[in-house]
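Here are the chains, one letter per residue:
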Amino acid sequence: MLDRKIHRRSFVKLAAGTAGAVALGSRFRPISADAMARPSTAEGTWIPTCCNMCGGQTGVRCKVVEGRVVKIEPNPDNPIGVSNISSDFLANKREAAMCPKGNAGLMTLYDPDRLKTPLKRTNPQKGRDQDPQWKAISWDEAFNEIAGKLKSLRDAGEAHKLIWFSEDHSFTHIQQDFCALYGTPNYHNHSNLCDVARKASFKLVLGDERPLMDALQSKYIMLFGWNPLSATKWAHLPRIITRALERGARLVVVDPVYNATAAKASEWVPIKPSTDGALALALGHVIIRDKLHDERFINEWAVGFDEYAAYVKDKTPEWAEKITGVSAKTIERLARELATTKPAVVDVWSGPGQQSNGVQGGRAIALLNVLTGNVDGPGTIMIPERTGNSHQKVKAPKIDQPRLDGHGKKYPFSHGSGIYTETLTRIAKGDAPYMPKIGVVVFQNMAMSIPGSKDVEEALKKLEYLVVVDTHMSETALLANIALPGTTYFERYDYTTNWVTWTALALRQPVVKPLFGQPAEYETVVELGRRIDLKDTEGKDFFWQGPKSKTRVEDRTRWYEEFLSLEIENGGPRITLDELKALPGAVWLDPKGTRYEKFRDEVTIPEGGTVDEKTGVVKDRGGAVVGVKVGTVAYKGFNTPSRKLEFYSTLAASKKDANGNPVDGLPVYVPRDWQPDDNYPLYFVSWKESPHTHTRTFNNPFLMELAGWNPLLINPRTAHRLGINDGDEIWVESPFGKAKTRARVTEGIQPDTVGFARGFGHWALGKLARGKGAHDNQLLPMKSDPISGMALNKEACVRVYKA
C-alpha cells in the first residue's frame, strides 16, 4: 500500500529541492508535499502532530486512511517549519516546510527491520562480535523480569545503582519522575551530547542557555561552526536565512568546512578547528580599538567591560592570524562590517562547542553581540519567552547518594542532562564511588553516539543488567539483557516547545496505533512503576492514581493523558489536553507573540526589598534577585547574577573546572588539549547533514539514497602530499581506532583538516544501515569539556593513508 502512495523518485526530487538546492546556491522555496505523493482519491483523516525524525520537532499533518499513514505534509499552524518570529509566522503560514528527514518519516514507521516483540538475551557473553541468541518473550514476561530486577535492587537499599539514559525530546518528565521515586540520582539525557557547552557560554553571558537568532530581520549574520542550511536544526532555518539574504543581509560563515551554509553565504572564512574563540577576541579588539562598540548600551546593560577591554588589548588581528589561519586583513574588515551594520547577530553551535576550550570560546563569540548592542532586538540574538508545559514536581524521597557524573560539582557549569563520559568512564575503570548494577536506555544508541565507542561498550558490559528500549536493534540494544520495541513519533504523545522566540506549544499525538501492539515508552515506565509499587512521600500510588482525577486509573494511556493535561493546565496555556487537541494544528500560541527588549520590562521594588547602591541589583525581602535599577527605574534585566550582560563573570571566577583549575572570569583563549603532531598531523572534524540525524536514520531507504556513504573530505594539497586520489579507499587512524572509507578530494576543507559526516558505520540497526561508511566516535577518547561536561565529539587528530 505504501508504494502506491509514495514515489521514491519524487521524494528524491523533493529532497533535492529543499536541501540540495541550498547547497547549490539556488533560492530556497518550500515545495508542496504533493510533490512526493500521487494524488490520492481515498478519503482519510488529517491529524496534526510533530515530527521527531530529529530534535527539530517540525509541525506536520498526517493523512491516515484505514489505519495507515499515507502522506505527511508541513503543518501551517505550527511555527516550527515557518518562522521563529510571530509576525512573520502569521503572515507567511503558507510557506511551511519540512526537511528530507521529515518527508521520509513513513519509511521509518513502516521499516520491516523494526523490533516487533520483546527479546531476552540467552548468551551471557556480550560484545560486538557476540550473538545475543535472542529469545522472543511476551510483554508480561518482560515486565515481570525487569520489575523484579529493579525491585530487588531497591529492596537491597541500592536504588542509586540504577543509571538511566534517554533522548531529550521524548517523555523525559515521566522518566525523571520514575528515577526520583525509585531513588536514583543518575538520570541522563541526550543534551549532553549536543550543545551543553553553548548552553553554558550563553548562560554566563546573557543569562539564557538557549537564545535564538532572529536571522530574518538581520542585516548581518555571522555564524561560527554551524551549518543551519543543511544540518537544519529547525526546518524554518533555511527559509528565514535565505529570506534575509534576499532582503540584502550579509551572511558570513566561519568554519573549517565549506558546507551548504557556506555555499550560500556572502563569505566563507576557513578557520583552524577550535580556534574560533581567538578570532572572536580579535574582532572584539578591533571594535574597541576603533571605538565601534555600543558604549551607551554597554554602560547601561553590561558589567565587566573594562576588564574585557584590557584583556583583548593585545589580542590583535596579527595575534589571531597565527592561531586561526584567518588573515589579519580579513579580521580587520569583518570587525568593521559587524560593528557598523545594524541589526546584526552572531551565533555559534556545536562545531566550536564540542572542543575542550568550547565554553570560553563560546563566551567570546556571544560577547560580540553585547559589544555591538545586538541583544533581544529585531534582527539580533533573541532571548525566547518560554511559558509552555510545566513539569509538576513529584513528591519524592530525598536521595542521599551523589550522582556518578559530578554534575554541578566536578563540572561547574554542567547541564541537568548529566555527563555521559564521566559516568561511563568511572564504570569502565571501576573507580566510581559506587558501581551501578542496572542500566535503562531509552531511544539512545550510546554505543555509537558517545566519543570513545570501545570504552562505552566496555562500560555497558560491566552492568549486571541492561534494558534497551528502541525501534530497531541498535548497537546498544545488542548489548542488552532485554530489548523492548519502542514507538515512532507517529505512535505516541509528547509536547514540543522552545524553538521560537515566543511561547508556542505543540502536541505530538498518536496518528496510528503502535504497529505491533507495543506500549508507548511512557506506558512502559508507568507499568514498571506499578509493578514495583512506587509511592510518593505521602504514600500515594503515583503510577496508579490519576494525576488529575486522583482516582485509580487502570488504562496506562489515559493515565498519561492526565499527566500531560495537568502540565498545561498549570503551565502557560491554562487549557486541558482535549482543548489543545481542538486548537488549529493542535498548537497553542501565546497571543503576546514575539516581544523585544524584555530586559526593559519595569519591575516594582518590593516592600521591604533592597537596592544595592553600587550594582543596582534589586532584591526582595527574602534576598531573591528580582531586577536591576538603571538610572531611576528598576527593570527586569537579564537572568545573570548582576542582572546585566556579563563581559566578566564573577560566578565563573569563583569555580574550578573538572581538572582542578580555576575558571577564568574572562572569555580567555587557550588552545584545545589535543593538537596535531608528527604521528597524527591532521585535525579531524565531523558534522551532520540534512538527510540524517545522529545515528538513527541510516536504515531509511529514501534517506540512504540521498546520502548512503560518508567519504572523507581532504584538501587537494594534502591529498597530493599523501599520494591519495579522489575515490581512493583510505584509512583514517587515531591513537584510539581507525576507520575505512573513500576519499573525496575538494577545496572545501582546510589543508590541515579532514572530516566526514557523522552517524555512519553501523554494525547493527538494520540491513540497509549495516556496513555503510565509517564510524567517527571510534577515533575519539571518551572525554568531556572540563567546564560544562560537553562530550567532545569533535576533538581528534588523525593520519590518513591508502587502504
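## Section: the overall build of the chain
- Within the chain, the regular secondary structure consists of 26 helices and 31 strands.
- Relative to the compact-globule value of 28 Å for 803 residues, the chain shows a C-alpha radius of gyration of 26 Å, a close match.
- The C-alpha extent of the chain, read off along each of the three principal axes, is 75 × 70 × 60 Å.
- Taking the intrachain contacts of the chain between residues at least 6 apart in sequence as the baseline, contacts between residues at least 24 apart amount to 72%.
- A total of about 28900 Å² of accessible surface is found on the chain, and carbon and sulfur atoms cover 48% of it.
- Computed over 106 positive and 94 negative side-chain charges, the inter-centroid distance for the chain is 2 Å.

## Observations concerning empty space enclosed by the protein
- In the structure shown here, the tally under the stated rule is 13 cavities of 30 Å³ or more.
- Approximately 490 Å³ is the volume attributed to the largest cavity.
- Around the largest cavity, the lining comprises 28 residues; the ones closest to its centre are Gly225, Gly351, Ser686, Trp687 and Lys794.
- Among the secondary structure elements, those contributing two or more residues to the lining of the largest cavity are α16 (350-353) and β26 (682-687).
- Tallied by class, residues from the lining of the largest cavity come to twelve nonpolar, ten polar and six charged.
- In this structure, the second largest cavity spans a volume of roughly 320 Å³.
- Contributing to the lining of the second largest cavity are 23 residues, with Phe443, Asp470, Thr471, Thr695 and Arg696 lying nearest its centre.
- Taken together, the residues that form the lining of the second largest cavity break down as four nonpolar, 15 polar and four charged.

## Some points on unusual backbone geometry
- With an omega of -10°, the peptide bond running from Lys342 to Pro343 counts as cis.
- Structurally, Pro343 can be placed in the loop between α15 (328-340) and β13 (344-348).
- The phi dihedral of Glu66 falls on the positive side, at around 50°, and the residue is not glycine.
- Residue Glu66 is classed as exposed on the basis of its relative accessible area, which comes to 76%.
- Of note in the backbone geometry, Asp376 takes a positive phi value of approximately 60° without being a glycine.
- Residue position: Asp376 is located in the loop between α17 (358-371) and β14 (381-382).

## Points about the sheet that holds strand β10 (residues 250-254)
- Read across the open sheet, the four strands follow the order β11-β10-β9-β13; overall the sheet is parallel. Of all the strands in the sheet, just β11 (267-269) and β13 have a single pairing partner and so form its edges. Neighbour-to-neighbour, the strand axes of this sheet turn through a mean angle of 15°, independent of strand direction.

## Some remarks on the packing of aromatic side chains
- Counting across every chain of the model gives 29 aromatic pairs.
- Centre to centre, the rings of Trp164 and Phe178 are 5.2 Å apart; their planes meet at 45°, and the pair counts as tilted. Pair noted here: Trp164 is in strand β6 (residues 162-166) and Phe178 is in helix α7 (residues 172-182), with a separation of 14 residues, a long-range link.
- A network of ring pairs unites the aromatic residues Trp164, Phe171, Phe178, Tyr182, Tyr522, Phe542, Phe543, Trp559, Tyr560 and Phe563 as a single cluster.
- Positioned over the ring face of Trp319 is Lys315, at 5.7 Å from the centre of the ring.
- The ring of Trp544 has Arg552 lying over it, and the distance from NZ or CZ to the ring centre is 3.7 Å.

## Structural notes on the pattern of salt bridges
- All told, the structure shown has 56 salt bridges when counted by the stated rule.
- Close ionic contact of Glu332 with Arg289 constitutes a salt bridge, the shortest N to O distance being 2.7 Å. Of this pair, Glu332 sits in helix α15 while Arg289 is found in helix α11 (residues 276-289), placing the two residues 43 residues apart along the sequence.
- Accessibility expressed as a relative area gives 16% for Glu332, which makes it buried.
- Using a relative accessible area of 39% as the deciding quantity, one classes Arg289 as partly exposed.
- One salt bridge connects Glu569 with Lys548, and the closest N-O pair in it is separated by 2.7 Å. In this pair, Glu569 sits in helix α22 (residues 556-569) while Lys548 sits in the loop between α21 (521-532) and α22, placing the two residues 21 residues apart along the sequence.
- The class for Glu569 is partly exposed, based on a relative accessible area of 21%.
- Judged by relative accessible area, Lys548 falls into the partly exposed class, the value being 36%.

Conventions we followed
- Residues numbered from 1 in each chain as written.
- Predicted model: local features only at pLDDT ≥ 70, side-chain atom pairs only at ≥ 80, totals over all residues.
- Heavy atoms only, no water.
- Helix = DSSP H or I, 4+ residues; strand = E, 2+ residues; numbered from the N terminus.
- Rg over C-alpha atoms; globule rule 2.2 N^0.38 Å.
- Contact = heavy atoms within 4.5 Å.
- Areas by Shrake-Rupley, 256 points an atom, 1.4 Å probe, with all protein chains shown as cover.
- Lys, Arg positive; Asp, Glu negative; His and termini not counted.
- Charge placed at Lys NZ, Arg CZ, Asp CG, Glu CD.
- 1 Å grid on protein atoms, 1.4 Å probe; cavity = no way out; pocket = protein on both sides within 12 Å on 5 of 7 lines; lining within 4 Å.
- Points joined across faces, edges and corners; volume = space filled by probe spheres on them.
- Nonpolar A, V, L, I, M, F, W, Y, C, P; charged D, E, K, R; others polar.
- Buried < 20%, exposed > 50% of the residue type's maximum accessible area, 1.4 Å probe, protein only.
- Pairing = 2+ DSSP bridges.
- Axes fitted to C-alpha atoms, helices over the stretch in contact; angles between N-to-C directions.
- Phe/Tyr/Trp six-rings, centres within 6.5 Å; stacked < 30°, edge-to-face > 60°.
- Lys NZ or Arg CZ within 6 Å of the ring centre and 35° of its normal.
- Salt bridge = Lys/Arg side-chain N within 4 Å of Asp/Glu carboxyl O.

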